[in-house]
Amino acid sequence: MHNPYTIHIFKTALEPEDRDAVENILSSDNILRWTVDYEDIDKVLRIESINISSEEIITLMTHSGYSCEELI
Amino acid sequence: MRTRDENKEQIIRQKTIELVVKEGLDGFSMQKLAKAAKVSPATLYIYYKDKEDLIISICTELTMHMLNDSLKNFSPDMHFDEGLKIQWLNRAAFYMKYTDEVHFIEQIRYHQYYQKVLRNLDGSFRETMGKFVHKARERKELAELPFEVYWSVAFAPLYQLIKFHWQGRSFSNESFSLNDKIMMQTLNLVLKALRP
């Protein structure tokens, strides 16, 4: 199966109440869809995007005060 | 950039089924799955956005496989006796071959996730079986009964026999193994009960 977009996966400390703030931070034409797995201890942020690097996303998030690092 | 790997996807599905059957849905987590499948947690998130997405997607796929298999060599135009026999044989074959998969579906069936699984199905199975029952009634091969009564009589005996088989014993026998003779003996009673 071929995905036309890139998937980025991050470890965060996001909670459901951060939703609106994150929506603002990630409102870019390059970001197609994002979800957070709040059930997981790593609160995994999953982003489907085109033409944006993991580093750029990490910068966006951390500059707004949210911890965000690439999940390995 | 991460890419999908069908082999890995297969292992993830297999391990999910094993873990849920062994530890139940509540004991299951993406972290445990990553360990069992020997992949990094990040890899799981390439394929699925969270536990719910993973479970619903696997359960939908298995359910579709099960329903499609039950329609092998089956036509809704068949005489009721013949059609029900094929349904029994197909369902029994699937339950015997895919025991873990069936137990996995059973774990999900009583969870809120199952409603979403049902919404993912296209309705063709339901339509085919509905047509089968409708025609059989028209031809007076099947009694007019409320759906739940019809279904319980038509299929529950088979599922109970399979349960005894899995337990390897019944209430009165130390050992029990389901065979065609026992299945057909039971089916004939069911058919007799369902005639108008």
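Bear in mind that the values here come from a model prediction, so they are computed numbers and not experimental data.

Rules behind the numbers
Residues numbered from 1 in each chain as written. Chains lettered and ligands numbered in written order. Predicted model: local features only at pLDDT ≥ 70, side-chain atom pairs only at ≥ 80, totals over all residues. Heavy atoms only, no water. Phe/Tyr/Trp six-rings, centres within 6.5 Å; stacked < 30°, edge-to-face > 60°. Helix = DSSP H or I, 4+ residues; strand = E, 2+ residues; numbered from the N terminus. Buried < 20%, exposed > 50% of the residue type's maximum accessible area, 1.4 Å probe, protein only. Lys NZ or Arg CZ within 6 Å of the ring centre and 35° of its normal. Salt bridge = Lys/Arg side-chain N within 4 Å of Asp/Glu carboxyl O. Axes fitted to C-alpha atoms, helices over the stretch in contact; angles between N-to-C directions. Parallel < 35°, antiparallel > 145°, perpendicular 65-115°, else oblique. Left-handed = near helix turned anticlockwise from the far one by under 90°. Contact = heavy atoms within 4.5 Å. Nonpolar A, V, L, I, M, F, W, Y, C, P; charged D, E, K, R; others polar. Buried area = accessible area lost by both parts, 1.4 Å probe. Polar contact = N/O pair within 3.5 Å; in protein donor to acceptor, adjacent residues only side chain to side chain.

> Looking at this model, I keep getting lost on the packing of aromatic side chains. Mind explaining?
Any aromatic ring pair is given by two values, namely how distant the centres are and how the planes are angled relative to each other. All names here are of chain B. Going through the model one piece at a time under the given rule, you end up with twelve aromatic pairs over all chains. Their ring planes at 70° and their centres at 4.9 Å tell us that Phe 74 and Phe 132 sit as a pair that is edge-to-face. Residue Phe 74 is located in the loop between helix 4 (51–70) and helix 5 (80–97), and its partner Phe 132 is located in helix 8 (residues 124–138); the two are separated by 58 residues in the primary sequence. Like Phe 132, Phe 74 is buried. Joined through ring pairs, the aromatic side chains of Phe 74, Phe 80, Phe 132, Phe 147 and Tyr 150 make up one cluster. When the ring centre of Phe 155 is taken as reference, the NZ or CZ atom of Arg 91 above it lies at 3.9 Å.

> Please clarify how the pattern of salt bridges should be interpreted in this entry.
Oppositely charged side chains are able to pair whenever their charged atoms sit close together. The full count for this structure, using the stated rule, is 16 salt bridges over all chains. Put simply, Arg13(B) and Glu61(B) hold a salt bridge, and the shortest N to O gap is 2.7 Å. Residue Arg13(B) is found in helix 1 (residues 6–23), and its partner Glu61(B) is found in helix 4; the two are separated by 48 residues along the sequence. With a relative accessible area of 43%, Glu61(B) lands in the partly exposed category. The partner of Lys116(B) in a salt bridge is Glu52(B), and the shortest N-O contact between them spans 2.5 Å. Of the two residues, Lys116(B) sits in helix 7 (residues 113–120) while Glu52(B) sits in helix 4, which places them 64 residues apart along the sequence. Residue classification places Lys116(B) among the partly exposed residues on the basis of a relative accessible area of 36%. A single salt-bridge network, built from bridges that share partners, covers Arg33(A), Arg46(A) and Glu48(A).

> What am I meant to see in the packing of helix 5 of chain B against helix 10 (residues 180–194) of chain B here?
Between two packed helices, the angle of one axis relative to the other and the distance separating the axes together describe the packing. Residue and element names in this part refer to chain B. Contact geometry for helix 5 and helix 10: axes closest at 11 Å, N-to-C directions at 140°. Accordingly, the angle class assigned to the pair helix 5 and helix 10 is oblique. The two elements helix 5 and helix 10 cross, and the hand of that crossing is right-handed. For the pair helix 5 and helix 10, contact is made by Phe 80, Asp 81, Leu 84, Lys 85, Trp 88, Leu 89 and Ala 92 and by Met 183, Met 184, Thr 186, Leu 187, Val 190, Leu 191 and Leu 194, respectively. Taken together, the residues of the contact of helix 5 with helix 10 break down into eleven nonpolar, one polar and two charged.

> Before we go on, may I ask you to explain the interface of chain B and chain A in this structure?
You'll often see interface size given as the accessible area lost when the parts meet. In this assembly, 17 residues from chain B lie in contact with 17 residues from chain A. Carbon and sulfur atoms supply 52% of the area buried between chain B and chain A, which totals about 1400 Å² over both sides. Connecting chain B to chain A are one salt bridge. Two residues, Glu39(A) and Lys51(B), come together in a salt bridge whose shortest N-O distance is 3.8 Å. Where chain B touches chain A, the interface holds six residue pairs in polar contact (both at pLDDT 80 or more). Breaking the side of chain B that touches chain A down by element, the ones donating at least two residues are helix 2 (30–37) and helix 3 (41–47) of chain B. Of the residues forming the side of chain B that touches chain A, the biggest block, five residues, is contributed by helix 3 of chain B. Broken down by class, the residue content of the side of chain B that touches chain A amounts to nine nonpolar, two polar and six charged.

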